There are 2 protein chains.
Amino acid sequence: MNYPSGIKASKTHTVNYKNRGMSLEEDLNITNQYYREQDIAYIYKKPTPIQITKVDYPSRKEAIIKEAYFKEPSTTDYNGIYQGYYIDFEAKETRNHTSFPLSNIHPHQITHLKNVFRHGGICFLIVRFSTQNETYLLTGEDFFHFIDHTTRKSIPYMYFKEKGKKIPFEYQPRLPYLKAVDEMIGGSYEKE
Amino acid sequence: MNYPSGIKASKTHTVNYKNRGMSLEEDLNITNQYYREQDIAYIYKKPTPIQITKVDYPSRKEAIIKEAYFKEPSTTDYNGIYQGYYIDFEAKETRNHTSFPLSNIHPHQITHLKNVFRHGGICFLIVRFSTQNETYLLTGEDFFHFIDHTTRKSIPYMYFKEKGKKIPFEYQPRLPYLKAVDEMIGGSYEKE
């Protein structure tokens, strides 16, 4: 089971948010916030799915969850709307510098991305190779093409370099991935 | 703070899922599952947002959340894709039989629905009057028109009867709300 990034389960029993480098998740949160503030796109990270088993209820206004478990996500982490399009993607980082292990993406997340693609949504992966400090957007089409034509358990770094769209690191927005999405939707496309 | 339905905080400290009538949430979950199985639409309820403060980590494969709190949702509960459209809605039930109290919808959820609407998404409310056992879909437009032209703190039941689309209760799918969405998107509309 992969724990959601941002939650470092530790033996000290307390979640520690300090002393971490900026994660891909944080970069995307800041970027999505910028896109919302600029009225460009409304894309959110979904909350981590949790199975709650015990709740303490000391007062009418307050509830404390006392026991809960992480559940496997049935969909991807990010979705929303941009230029009338349904946007759906998964974002992962790897320290592996030669390939992206497919074990990072659950099989039902792949199924979900394929469903979205078939129904006209814009779907992709955002993968950061943290050793190289490079972030790529890989379109759903290129992702499906790879996994449907190989039995490899990882996608080579070179595949991202060749097929992916490299997302630069900028001041604002931090990770301008919608520029790559603009290329996917052809820019001039208007819904009406 | 409104607790998510499905989680009945109780002084007995244990979440009790038994002996409840079928809630609107359950009906929608079953309906969305049917729509997915039939490859009609991919619409999911978002997980309840939780702030995790303590995690116990007894083994490599297991994590137990020992302390967490409910957070206010920043978006609506349901979103997904249908016929290439971004779909976004909030679902609530009320026992009040004359009106739907607007306190059921957070101000930032209203803002979110307006943002989605402005960007070309399909948004609406699904409201169940449990006393009458009637469920209505109210389009974003009709919802915004009401709240922008009144200072009332609730939407009268009659407004739903006049402007809303009544969703029948059926065998499969349980709550065929996409029929009402078909009317919103004009049925014959094709994206390509």
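Details of the structure are given in the entry above.
Predicted model, so just to flag it, every value in this text is computed and none were measured. Position numbers for residues count from 1 along each chain, tracking the sequence in the order it is written. Whichever chain is written first becomes A and whichever ligand is written first becomes 1, with later ones labelled in order. Owing to the predicted nature of the model, reporting of local features is limited to residues with pLDDT of at least 70; listing and counting of side-chain atom pairs is limited to 80 or more, with chain, interface and lining totals taken over all residues. With hydrogens and water stripped out, all remaining heavy atoms of the structure feed into the side-chain values.

### Re the pattern of salt bridges
Here's step 1: We define a salt bridge as a contact between a side-chain nitrogen of Lys or Arg and a carboxyl oxygen of Asp or Glu at a distance within 4 Å. All told, the structure shown has 20 salt bridges over all chains when counted by the stated rule.
Here's step 2: Of the charged contacts, one joins Glu67 of chain A and Lys54 of chain A as a salt bridge, the two residues approaching to 3.8 Å between their closest N and O atoms. Here Glu67 of chain A is found in strand 3 (residues 62-70), whereas its partner Lys54 of chain A is found in strand 2 (residues 50-59), with 13 residues between them in sequence.
Here's step 3: Overall, Glu67 of chain A belongs to the buried group, its relative accessible area being 17%.
Here's step 4: Using a relative accessible area of 35% as the deciding quantity, one classes Lys54 of chain A as partly exposed.
Here's step 5: Note that Glu90 of chain B is salt-bridged to Lys92 of chain B, the shortest N-O span being 3.6 Å. As far as the burial class goes, Glu90 of chain B and Lys92 of chain B line up, both buried.
Here's step 6: Each of Asp27, Arg128 and Arg174 of chain A takes part in one network of salt bridges that share partners. Strands are runs of DSSP state E lasting at least two residues, helices are runs of H or I lasting at least four, and both sets are numbered from the N terminus onward. In this scheme, a residue with accessible area under 20% of its type's maximum is buried, one over 50% is exposed, and one in between is partly exposed, where area comes from a 1.4 Å probe on protein chains only.

### Regarding the relation of the copies chain A and chain B
Here's step 1: The superposition of copies rests on a least-squares fit of C-alpha positions from residues with pLDDT of 70 or more in both. Expressed as a screw operation, the relation of chain A to chain B combines 0.0 Å of axial shift with a rotation of 180°, fitting to an RMSD of 0.0 Å. Such a combination of turn and shift is consistent with a two-fold rotation axis.
Here's step 2: When the interface residues of chain A are mapped onto chain B, 100% of them again lie at the interface, so the same face is used by both copies. Any two residues whose heavy atoms approach within 4.5 Å at even a single point are treated as in contact.

### Considering the nonpolar core
Here's step 1: For our purposes a nonpolar core is just a set of buried Ala, Val, Leu, Ile, Met, Phe, Trp, Tyr and Cys residues, chained together by side-chain atoms within 4.5 Å. Ranked by internal contacts, the top residues of the largest apolar core, which has 48 residues, are Phe100, Phe143, Ile155 and Phe160 of chain A together with Phe143, Ile155 and Phe160 of chain B.
Here's step 2: For Phe160 of chain A, the contacting residues outside a window of four places in its chain are Phe100, Val127, Phe129, Tyr136, Leu138 and Ile155 of chain A.

### Observations regarding the interface of chain A and chain B
Here's step 1: Contacts between the two partners involve 53 residues from chain A, matched on the other side by 54 residues from chain B.
Here's step 2: Accessible-area loss on putting two parts together, using a 1.4 Å probe and summing over both, is the definition of buried area adopted here. The contact between chain A and chain B buries some 4800 Å² in all, and 60% of this surface belongs to carbon and sulfur atoms.
Here's step 3: In this assembly, chain A and chain B are joined by two salt bridges.
Here's step 4: N or O atoms closer than or at 3.5 Å make up a polar contact, with two conditions inside protein: a donor-capable atom paired with an acceptor-capable one, and, for residues adjacent in sequence, both atoms drawn from side chains. Where chain A touches chain B, the interface holds 12 residue pairs in polar contact (both at pLDDT 80 or more).
Here's step 5: Among the elements of the structure, strand 1 (41-45), strand 2, strand 3, strand 4 (78-82), strand 5 (85-94) and helix 2 (107-118) of chain A are those that each provide at least two residues to the side of chain A that touches chain B.
Here's step 6: By residue number, the principal contributor to the side of chain A that touches chain B is strand 3 of chain A, which donates nine residues.
Here's step 7: Broken down by class, the residue content of the side of chain A that touches chain B amounts to 25 nonpolar, 17 polar and 11 charged. Just so you know the grouping, Ala, Val, Leu, Ile, Met, Phe, Trp, Tyr, Cys and Pro go in nonpolar, Asp, Glu, Lys and Arg go in charged, and all remaining residues, Gly too, go in polar.

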